[in-house]
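Chain by chain, the residues run as shown.
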Amino acid sequence: MCGIAGAFGVQNAERLVAEILFATQHRGQESCGIASRNPRGNVTAYKAMGLVKNVLTEEVLDRHAGDVSIGHVRYPTAGSSDLANAQPFAIDLAEGPHMAICANGDIINYGELRSFLEREAGFTFISDNDGELMGRLIAYYHVVRDIPIEEAIAKTMAEVKGAFATMLILRDKLFAFRDPHGIRPMVMGHLECEGTGDLPSEGTVFASEGCGFGIIGARAVREVAPGEILCLERGQPVRTVASYPEAPRHCVFELIYFSRPDSDTFGERVWEVRRRIGACLAAKDADMPIGDDLVVIPVPDSSNFVAQGYAEARGIPFGMGLLRNHYVGRTFIRPNQKSRDEGVKQKFNPLPGFFPGKRVVLVDDSIVRGTSVRKLVRMIKAAGAREVHVRVGSPPVIGSCYYGIDTPTRDELIANRLSVAGIAEYMNADSLKYMDVADFDRVLPAPGDYCFACFNLDYIYPPEQFGHKVNVPQHRD
Ligand code: SF4
């Protein structure tokens with residue numbers, strides 16, 4: 001998972017992009033970057049390891065000021081965790097530095113396309129990153145094969161299999177396009193601003209999520225549709241160049257975990273979806289006795305609204321029994337187990353005096369490896385809780401994601417090794433219940449429009465066709 005941002009047709013577009021990236025920092029904390037078209041018509045890019053507030057300083061933004069800008073926050077999925085894989089990528093065309101690209105997603109046929117470009121066009125890659133691959137494929141069609149840019153993008157979209165929400169600066173144009181299934185989110189916003197010089201008094205912004213729009217005074221207009229290619233050019237209204245939609249398969253994990261609750265993602269209000277998930281979990285617990293000793297707590301922050309929905313549905317108290325240190329970051333998106341283990345300990349602390357004698361319903365959004373929630377159960381019991389009942393806002397994760405989320409290999413997925421009872425025992429929970437895929441019929445208006453592959457192995461693109469070994473569950477209830 002990563003976050004992208006873009007701004008077009010406004011003075012200091014780079015500032016707007018930096019603000020949006022700051023608001024979407026939760027989508028990637030490893031590296032970030034920005035690319036802008038400067039007044040001389042050149043596209044310049046800057047990226048570095050670290051957080052937006054540390055990387056995109058005033059001095060950096062001054063050097064990359066322009067009226068067209070794109071940006072990216074990264075957490076690694078495919079490709080190693082280093083600066084070479086940070087985005088955006090600036091790609092020189094024959095006439096000069098006029099192109100930059102950034103993408104959120106994962107290209108499942110990356111190896112095949114890269115070999116083709118190295119062999120066919122003699123391209124040298126500087127990273128293992130999907131964004132660079134898409135940029136070079138577009139450059140191949142547009143420059144080497146001399147195809148108009150709109151067609152070059154369309155051909156690239158037809159070749160590339162996987163998830164991509166992409167922003168491309170080419171000369172004075174900005175393109176925004178999204179994979180035909182709309183796996184990763186991408187929203188467009190409208191900005192009223194002060195017109196200066198030849199710049200108009202309104203601009204267009206883009207983001208993976210709309211939670212940053214309010215800060216810059218923009219309002220969300222609509223999503224970039226699955227398979228849609230949008231073109232923005234000076235003095236022209238936003239134009240749909242082409243559209244190649246297929247059956248929508250939005251990533252349901254965006255609603256469960258990744259998106260900020262103040263975003264509307266895939267047309268859904270994220271916080272409301274999470275409350276409905278909580279109510280669904282509550283309906284499974286009708287036989288659990290209610291009493292003064294029963295309390296519901298979330299694993300903050302992504303489970304807050306699920307726990308709230310659960311508490312409201314059962315009419316029992318909701319409490320913030322675990323305090324989260326917000327300076328640690330998301331443990332799930334840390335690149336290795338050692339740093340994730342350290343992160344859990346640093347991240348959560350039980351509220352003093354909250355737990356003694358309590359029966360606790362601990363609500364988590366998902367269980368991937370099981371290590372984090374195991375530590376939390378131990379922590380809550382050590383703080384005096386009599387019982388801990390774990391409720392999970394998603395089904396058991398049994399498959400890897402090939403579309404931009406770092407769900408790990410078979411051996412690391414606890415639901416692939418243990419039954420639900422076995423997981424409860426492993427984490428010393430008094431009971432454990434999950435959502436079922438079928439439960440989402442009561443949570444989402446169109447559940448068939450979503451990808452659930454990491455829960456049911458129903459992949460959009462059969463991964464074994466692309467040389468990926470599919471996780472076959474070792475144990476299912
Ligand atoms: S496999 Fe899971 S994480 Fe990946 S896109 Fe599908 S639902 Fe989302």
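As the structure is a prediction and not an experimental result, all values here were calculated from the model.

A. Seen up close, the sheet that holds strand β8 (residues 173-178). With antiparallel pairing, six strands are arranged side by side in an open sheet as β5-β6-β7-β8-β12-β13. Looking at the sheet topology across the chains shown, the edges are occupied by β5 (89-90) and β13 (239-243). Bridge analysis of β5 against strand β6 (residues 99-107) gives two bridges, and the strand direction is antiparallel. Paired with Ala 90 across the bridge in β6 is Ala 100. In the packing of helix α5 (residues 130-144) onto the sheet, contacts are made with β5, β6, β7 (162-170) and β8, and the angle to β6 comes to roughly 125°.

B. Expanded view of the sheet that holds strand β20 (residues 359-364). Read across the sheet, four strands follow the order β17-β20-β21-β22 without closing on themselves; strand pairing throughout is parallel. Because the sheet does not close on itself, it has two edges, and the strands there are β17 (294-298) and β22 (431-434). Each adjacent strand pair in this sheet contributes to an overall mean axis angle of 20°, direction not counted. Bridging between β20 and strand β21 (residues 387-392) involves six bridges; their strand directions are parallel.

C. Main features of the environment of Gly 212. Within the secondary structure layout, Gly 212 lies in the loop between β10 (202-207) and α7 (213-216). Residue class for Gly 212 comes out buried when judged on its relative accessible area of 0%.

D. Highlighting the site of the ligand. Around the ligand, the surrounding shell consists of Ile 183, Arg 184, Cys 251, Val 252, Phe 253, Cys 401, Tyr 403, Ile 405, Cys 451, Ala 453 and Cys 454. Those elements that place two or more of their residues in the shell around the ligand are α8 (252-258) and α15 (453-456).

E. Region of the structure containing the nonpolar core. The biggest cluster of nonpolar side chains holds 49 residues, and the ones touching the most others in it are Phe 253, Ile 277, Tyr 403, Phe 440 and Leu 444. Taken domain by domain, the makeup of this core includes at least three residues from each of domain 1 (2-248) and domain 2 (273-448). In this view, Leu 444 contacts Val 252, Leu 255, Val 273, Tyr 450 and Phe 452; residues no more than four positions away in its chain are not counted. Among the nonpolar cores identified, the runner-up in size contains 34 residues, and Phe 89, Phe 175, Ile 229 and Ala 242 belong to it.

F. Structural context of the domain arrangement of the chain. For the chain, the assigned domains read domain 1 (2-248) and domain 2 (273-448). When each unit is reduced to the centre of its C-alpha atoms, the spacing between domain 1 and domain 2 is 35 Å.

G. Representation of the environment of Ala 207 within the structure. With respect to the helices and strands, Ala 207 occurs in strand β10. On the accessibility criterion, Ala 207 (0% relative accessible area) is buried. Here Ala 207 is in contact with Ile 4, Ala 5, Ile 20, Met 186, Val 187 and Phe 213, once residues within four sequence places are set aside.

H. Structural context of helix α12 (residues 371-382). Under the 1.5 Å per step criterion, the end-to-end length of α12 is 17 Å for 12 residues, consistent within 8% with the ideal 16 Å. Every buried residue of α12 is listed here: Val 373, Leu 376, Val 377, Met 379 and Ile 380. Looking straight down α12, one finds its buried side chains confined to an arc of 165°; they lie on one side. Every exposed residue of α12 that faces more than 90 degrees away from the buried side is listed here: Arg 378 and Ala 382.

I. How the structure looks around the packing of aromatic side chains. Applying the stated criterion across every chain yields a total of 14 aromatic pairs. Relative to Phe 455, the ring of Phe 452 has its centre 6.5 Å away and its plane inclined at 55°; by these criteria the two rings are tilted. The class for Phe 452 is buried, based on a relative accessible area of 7%. The structure contains a cluster of three or more aromatic residues connected by ring pairs, namely Phe 253, Tyr 257, Phe 258, Phe 440, Phe 452 and Phe 455. Between Lys 47 and the ring centre of Phe 89, over which it is positioned, the NZ or CZ distance is 3.9 Å. Over the ring of Phe 125 we find Arg 136; its NZ or CZ atom is 5.7 Å from the centre of that ring.

J. Summary view of the environment of Ile 229. Among the structural elements, Ile 229 can be located in strand β12 (residues 228-232). Between the C-alpha atom of Ile 229 and that of Arg 15, which follows or precedes it by 214 residues, the distance is 25 Å. With residues near it in sequence (within four places) discarded, Ile 229 still touches Glu 150, Ile 153, Ala 154, Met 157, Phe 175, Ala 176, Phe 177, Arg 239, Thr 240, Val 241, Ala 242 and Tyr 244.

K. Broad picture of the side chain of Glu 150. Its place among the elements puts Glu 150 in helix α6 (residues 149-159). On the accessibility criterion, Glu 150 (18% relative accessible area) is buried. A polar atom in the side chain of Glu 150 sits 3.4 Å from the side chain of Arg 239. When near neighbours in sequence (up to four residues on either side) are disregarded, Glu 150 contacts Lys 173, Phe 175, Ile 229, Arg 239 and Val 241.

L. Structural detail: the state of the cysteines. In the structure shown here, the tally under the stated rule is zero disulfides. Free of any disulfide, Cys 211 has its nearest cysteine sulfur in Cys 2, 15 Å distant.

About the criteria used
Residues numbered from 1 in each chain as written. Predicted model: local features only at pLDDT ≥ 70, side-chain atom pairs only at ≥ 80, totals over all residues. Heavy atoms only, no water. Pairing = 2+ DSSP bridges. Helix = DSSP H or I, 4+ residues; strand = E, 2+ residues; numbered from the N terminus. Contact = heavy atoms within 4.5 Å. Axes fitted to C-alpha atoms, helices over the stretch in contact; angles between N-to-C directions. Buried < 20%, exposed > 50% of the residue type's maximum accessible area, 1.4 Å probe, protein only. Near = heavy atom within 4 Å. Core = buried A, V, L, I, M, F, W, Y, C linked by side-chain atoms within 4.5 Å. Domains from an automatic or database assignment. Expected span 1.5 Å × (residues − 1). Arc of directions from axis to C-beta. Phe/Tyr/Trp six-rings, centres within 6.5 Å; stacked < 30°, edge-to-face > 60°. Lys NZ or Arg CZ within 6 Å of the ring centre and 35° of its normal. Polar contact = N/O pair within 3.5 Å; in protein donor to acceptor, adjacent residues only side chain to side chain. Disulfide = S-S within 2.5 Å.

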